[in-house]
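Below, each chain spelled out in residue letters.
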Amino acid sequence: MRAAVVAEPYHVEIRDIPKPSVEANDVLIKVEVAGICGSDLHLFKGTHAFRKPPAVLGHEMAGTVVEVGKNVKKFKAGDRVTVEPQVGCGQCRYCGQGLANLCLNKKVPGTPSWVGTFVEYFVAPEETVYAIPESLSFAEGLMAEPLAVAVHAVRRAELKPGDTVAILGSGTIGLLALLVAKAKGIETVYCTDVVDFNLEMAKKLGAKAAIHALREDPVEKIRSWTDDVGVDKVIIAAGPGTIIDQASAITRRRGRITLVAMITKPIPVYTYSFVFNEQTLAGSQTYQSQDFEEAVRLLSTKEVDVSSLITQELSLAETEQGLKMLADKAGNIVKIVVQP
Ligand SMILES: [Zn+2]
Ligand SMILES: [Zn+2]
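Just so we're clear, the structure is a prediction, and the values are computed from it rather than from any experiment.

With that settled, consider unusual backbone geometry. Cis geometry is adopted by the peptide bond preceding proline 54, which originates at proline 53 and carries an omega value of 0°. Looking at the secondary structure, you find proline 54 in the loop between helix H1 (38-45) and strand E4 (55-56). Backbone geometry places tyrosine 10, a non-glycine residue, at a positive phi of 65°. Along the chain, tyrosine 10 turns up in the loop between strand E1 (2-8) and strand E2 (11-16). Positive phi, close to 55°, is recorded for glutamate 158, a residue that is not glycine.

Only Cys89 (SG), Cys92 (SG), Cys95 (SG) and Cys103 (SG) from the protein coordinate the zinc ion (ligand 2), and they sit 2.3 to 2.4 Å from it. Taken together, the 4 donor atoms surrounding the zinc ion (ligand 2) define angles of 103 to 116° at the centre, an arrangement classified as tetrahedral. We note that the donor set of the zinc ion (ligand 2) lies within a single chain, spaced as C-x2-C-x2-C-x7-C.

With that settled, consider the packing of aromatic side chains. A complete count under the given rule lists 7 aromatic pairs for this structure. Here the aromatic cluster, defined as three or more aromatic residues joined through ring pairs, consists of Tyr130, Tyr287 and Phe292. Taking NZ or CZ as reference, lysine 19 lies 4.2 Å from the ring centre of tyrosine 121, over its face. Seen from the ring of phenylalanine 138, arginine 80 lies directly overhead, with NZ or CZ sitting 4.4 Å from the centre.

Our focus in this paragraph is helix H9 (residues 289-300). Look at H9: 16 Å from first C-alpha to last across 12 residues, which is about the 16 Å you get at 1.5 Å a residue. Taken together, the buried positions of H9 are Asp291, Phe292, Ala295, Val296, Leu298 and Leu299. Seen along its axis, H9 keeps its buried residues to an arc of 160°; they face one direction. Buried residues along H9 sit in contact with strand E6 (80-83), strand E8 (129-131), helix H2 (138-142), helix H3 (144-156) and helix H4 (172-183). Lysine 302 sits one or two positions beyond H9 and adopts a positive phi of about 65°.

The expected angle between donors at a tetrahedral four-coordinate metal is 109.5 degrees. At an octahedral six-coordinate metal it is 90 or 180 degrees. Coordination of the zinc ion (ligand 1) by the protein involves Cys37 (SG), His59 (NE2), Glu60 (OE) and Glu145 (OE), with metal-donor separations of 2.2 to 2.5 Å. In this structure, the zinc ion (ligand 1) is coordinated by 4 donor atoms arranged in irregular fashion, with angles at the metal of 86 to 168°. On the primary sequence, the residues serving as donors to the zinc ion (ligand 1) are separated as C-x21-H-E-x84-E. Taken together, the residues cysteine 37 in the loop between strand E3 (26-36) and H1 and glutamate 145 in helix H3 connect sequence positions 108 residues apart. For glutamate 145, a relative accessible area of 5% corresponds to the buried category.

On to the domain arrangement of the protein, then. One can read the domain layout of the protein as domain 1 (2-143 + 306-339) and domain 2 (149-283). Inter-centroid distance (C-alpha atoms) of domain 1 to domain 2 is 28 Å. Listed by partner, the interface residues are 11 residues for domain 1 and 11 residues for domain 2. For the pairing of domain 1 and domain 2, the buried interface totals around 910 Å² over both sides, and the portion due to carbon and sulfur atoms is 72%. Here domain 1 and domain 2 share 0 salt bridges between them. There are 1 residue pair in polar contact (both at pLDDT 80 or more) connecting domain 1 and domain 2. Split into classes, the residues belonging to the side of domain 1 that touches domain 2 amount to 5 nonpolar, 4 polar and 2 charged.

Here is what the cut-offs are and how they apply
Residues numbered from 1 in each chain as written. Chains lettered and ligands numbered in written order. Predicted model: local features only at pLDDT ≥ 70, side-chain atom pairs only at ≥ 80, totals over all residues. Heavy atoms only, no water. Helix = DSSP H or I, 4+ residues; strand = E, 2+ residues; numbered from the N terminus. Donors = N, O, S within 2.8 Å, 3.2 Å for Na, K, Ca; no water. Tetrahedral: all angles 85-135°; square planar, octahedral: opposite > 155°, others 65-115°. Phe/Tyr/Trp six-rings, centres within 6.5 Å; stacked < 30°, edge-to-face > 60°. Lys NZ or Arg CZ within 6 Å of the ring centre and 35° of its normal. Expected span 1.5 Å × (residues − 1). Buried < 20%, exposed > 50% of the residue type's maximum accessible area, 1.4 Å probe, protein only. Arc of directions from axis to C-beta. Contact = heavy atoms within 4.5 Å. Domains from an automatic or database assignment. Buried area = accessible area lost by both parts, 1.4 Å probe. Salt bridge = Lys/Arg side-chain N within 4 Å of Asp/Glu carboxyl O. Polar contact = N/O pair within 3.5 Å; in protein donor to acceptor, adjacent residues only side chain to side chain. Nonpolar A, V, L, I, M, F, W, Y, C, P; charged D, E, K, R; others polar.

If you want it as structure tokens, here you go:
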């Protein structure tokens with residue numbers, strides 16, 4: 001079967017690889033769409049923490065079941081599904097608390113133990129497979145994965161009704177966090193970005209205001225809109241080197257800042273601001289199964305509508321082009337999907 005492989009940094013090849021075999025607990029899925037995500041860019045550039053070239057791209061997908069192993073109960077050929085792309089070891093203290101995202105031995109696609117999703121056929125254990133209804137397109141179905149990241153971030157952010165919120169960065173995760181916050185009844189969400197298209201999207205999806213972080217000063221704006229108090233909660237979904245200090249400066253005393261952006265280089269932080277204002281900084285990594293389940297539910301009930309976020313559909317052969325578009329932010333891009 002065909003697969004999109006990062007052969008070396010900045011170079012994708014379409015290679016022929018063996019179709020996966022189906023074990024007793026496995027579901028074999030014909031991939032209808034796979035999504036390009038920020039972490040695929042890291043693999044493409046050769047900067048990913050544990051996915052190293054040569055590797056098959058992708059961890060987001062939706063498709064049609066073609067075959068199931070003999071122990072599989074919940075699925076049959078023809079079902080429309082998406083996959084939570086992580087399997088915890090099931091043994092460690094984190095797995096014991098339902099925190100497979102923090103498992104030290106978790107299995108994820110795009111590594112030697114599990115091939116990536118930019119393939120014609122993807123195999124996944126039954127427990128990671130979720131049905132998607134006819135009312136959702138496959139592309140909307142694959143959005144369950146990034147939406148689960150946003151659901152988890154919003155949960156880590158401890159948003160409560162009546163909170164004022166700022167989301168720094170309006171890429172896929174920032175916009176999805178906005179949609180989740182709105183679905184939870186949060187009325188006041190300020191968004192920032194440095195691309196006009198993304199700011200327009202944020203406005204369209206319900207942001208109270210969308211601030212261009214280079215043309216305006218988000219700190220000055222947000223403080224002026226909150227009587228110089230600052231917002232209750234901030235979610236950071238962008239990675240410039242000044243972002244933590246900016247977040248601290250727009251958060252009220254005892255406020256909470258949640259970091260979902262993966263900033264892999266050290267950046268300076270003015271720690272005294274956290275002490276003086278008794279602020280909390282929390283990290284948010286991927287999602288737990290309960291978040292993935294919630295993401296599928298939000299999509300299925302249309303409480304969250306992601307259709308406008310799918311901005312490009314490409315063929316598998318155009319994968320490298322899609323990665324370059326995303327790297328250069330060339331054009332109006334939120335989520336690019338490819339059809340193997
Ligand atoms: Zn993703
Ligand atoms: Zn574990």
